[in-house]
Amino acid sequence: MKDAGLSRRWVLTAGGLLAASACTRGGRPTPAPRLDPDVAIRRAAAADVSALLALYAVNSQAHPGLASRLAPLAAETTAHLAAVRPPAATSTATPATPTATGSASVSSPPPAPTVTEALTTLAAAERQAAARRAAQLTAASPALARLLAAVGASEATHAMLLSERA
Amino acid sequence: MTEVDVLQTALAGEHAAIYGYGVVGAHLSGQARARARAAYDVHRARRERLTALLAQRNATPVPAAAAYALPRPVVTAEDAAVLAIDLEERLAAVWVDAVGLLRGELRLFAARTVQDAAVRAATWRGGSVPFPGLGPTVS
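Please read these numbers as outputs of a predicted model, since none were measured by experiment.

Engineer: Honestly, the overall build of chain B in this entry has me stumped. Any pointers?
Structural biologist: Secondary structure summary: chain B contains four helices and zero strands in total. Shown N-terminal to C-terminal, the secondary structure of chain B runs as helices and strands in the order α-α-α-α. Taking 14 Å as the expected radius of gyration for a compact globule of 139 residues, we find that chain B reaches 15 Å, a close match to that expectation. A principal-axis box enclosing the C-alpha atoms of chain B has dimensions of 40 × 40 × 25 Å.

Listed below in structure tokens is the structure:
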């Protein structure tokens, strides 16, 4: 019975948050986009995630045996990019393809020479990404901080999965 | 919600997880049992930290319940692993909420805890999810 009460509390918490973010959005009288500090944080996070995607791409290509292991992680990373990227109105007119966005500033990294090194490199990159997400969310709005916390947690999970022996 | 309310909600979640891991561990053996034990210890340590944070704020920490209703009966080792996933996923959601509601060092603590819960859930599950604590999709 106690558990039901606890679940209710969690549901209430989630509801309260929805209300809170709705207030934030409704109460802000459509400011100029560049005044919103979240946009800069989103740009930085999107650049990080784009670099990760590029790393997945070159290593999947160079090591086809890893492709099935890397594919689900790369797919989640693509979802991260779509979620953290600044709204279209505030970003420059770039094509909507996830892999293309930000790639202009991210030079294609070389693939790791061996499968083991590819996994080590990707695990280290995901671990660093998770740490950066934690740093970025400290200055973010509550809604963006929640999103970055979830993305960072997924990245930390990727680091763990990439560190496991196949 | 005040900072104290957020910490109390997180503490209630950790109490439930500690109870849950007691059940989980009792149905496991070997490496899985050791993993449950390690998680149990982490949640107990976090409970102590939350208790201290609440005491610093002159708040009385919410007590644990004597027992908690489980989402479903735990009979087999597989049931136990499913419960462990559920415990960590619920906690990830609680701590993601805390990230949105807290500031500064406490927000960072909450974010690191979301990462820990997500990694533990993925270890039990054997796979990742894109947005731990937020649900399957994010618009």
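Engineer: What am I meant to see in the overall build of chain A here?
Structural biologist: Helices and strands together make up the secondary structure of chain A, namely five helices and zero strands. The proportion of buried residues among the 166 residues of chain A is 36%. If you take every contact in chain A between residues at least 6 apart in sequence, the share linking residues at least 24 apart comes to 75%.

Engineer: In this structure, what is going on with the interface of chain A and chain B? I would like to understand it.
Structural biologist: A common way to express how large an interface is: the accessible area buried when the components associate. Across the boundary between the two partners, chain A contributes 35 residues, which contact 35 residues of chain B. Elements with a contribution of two residues or more to the side of chain A that touches chain B: helix 1 (2-27), helix 3 (67-84), helix 4 (115-137) and helix 5 (142-163) of chain A. Top contributing element to the side of chain A that touches chain B by residue count: helix 5 of chain A, with 15 residues. Tallied by class, the residues present in the side of chain A that touches chain B amount to 22 nonpolar, eight polar and five charged.

Engineer: So what exactly am I meant to see when it comes to the nonpolar core here?
Structural biologist: Note that soluble globular proteins tend to have their nonpolar side chains buried in a common cluster. In terms of nonpolar packing, the biggest core is built from 80 residues, with Ala 149 of chain A together with Ala 92, Trp 95, Val 99 and Val 114 of chain B touching the most fellow members. Among the secondary structure elements, those contributing two or more residues to this core are helix 2 (37-62), helix 3, helix 4 and helix 5 of chain A together with helix 1 (3-26), helix 2 (30-56), helix 3 (77-101) and helix 4 (104-125) of chain B. No other element matches helix 3 of chain B, which puts 14 residues into this core. Once you skip the residues sitting within four places of it in the chain, Val 114 of chain B turns out to touch Ala 149, Ala 150 and Ala 153 of chain A together with Ala 92, Trp 95, Val 96, Val 99, Pro 132 and Gly 133 of chain B.

Engineer: Would you take a moment to explain unusual backbone geometry for this structure?
Structural biologist: As a rule of thumb, non-glycine residues mostly have phi less than zero, and peptide bonds are mostly trans rather than cis. Even without a glycine there, the phi angle at Asn 58 of chain B is positive, about 55°. With 7 C-beta atoms counted inside 10 Å, the residue Asn 58 of chain B sits in the exposed group.

Engineer: Sorry if this is basic, but what is going on with the packing of helix 2 of chain A against helix 4 of chain A here?
Structural biologist: When two helices pack together, you describe them by how their axes are tilted relative to each other and by the distance separating the axes. Residue and element names in this part refer to chain A. At a minimum axis distance of 11 Å, the contact between helix 2 and helix 4 shows a crossing angle of 170°. Of the possible angle classes, the one that applies to helix 2 and helix 4 is roughly antiparallel. In contact with Ile 41, Ala 44, Ala 45, Asp 48, Leu 52, Leu 55, Tyr 56 and Asn 59 of helix 2, helix 4 contributes Ala 118, Leu 122, Ala 125, Glu 126, Ala 129, Arg 132, Arg 133 and Gln 136. Its residues assigned to classes, the contact of helix 2 with helix 4 shows 10 nonpolar, two polar and four charged.

Definitions and limits used
- Residues numbered from 1 in each chain as written.
- Chains lettered and ligands numbered in written order.
- Predicted model: local features only at pLDDT ≥ 70, side-chain atom pairs only at ≥ 80, totals over all residues.
- Helix = DSSP H or I, 4+ residues; strand = E, 2+ residues; numbered from the N terminus.
- Rg over C-alpha atoms; globule rule 2.2 N^0.38 Å.
- Buried ≥ 20, exposed ≤ 12 C-beta atoms within 10 Å, placed from the backbone.
- Contact = placed C-beta atoms within 7 Å.
- Nonpolar A, V, L, I, M, F, W, Y, C, P; charged D, E, K, R; others polar.
- Core = buried A, V, L, I, M, F, W, Y, C linked by C-beta atoms within 7 Å.
- Axes fitted to C-alpha atoms, helices over the stretch in contact; angles between N-to-C directions.
- Parallel < 35°, antiparallel > 145°, perpendicular 65-115°, else oblique.

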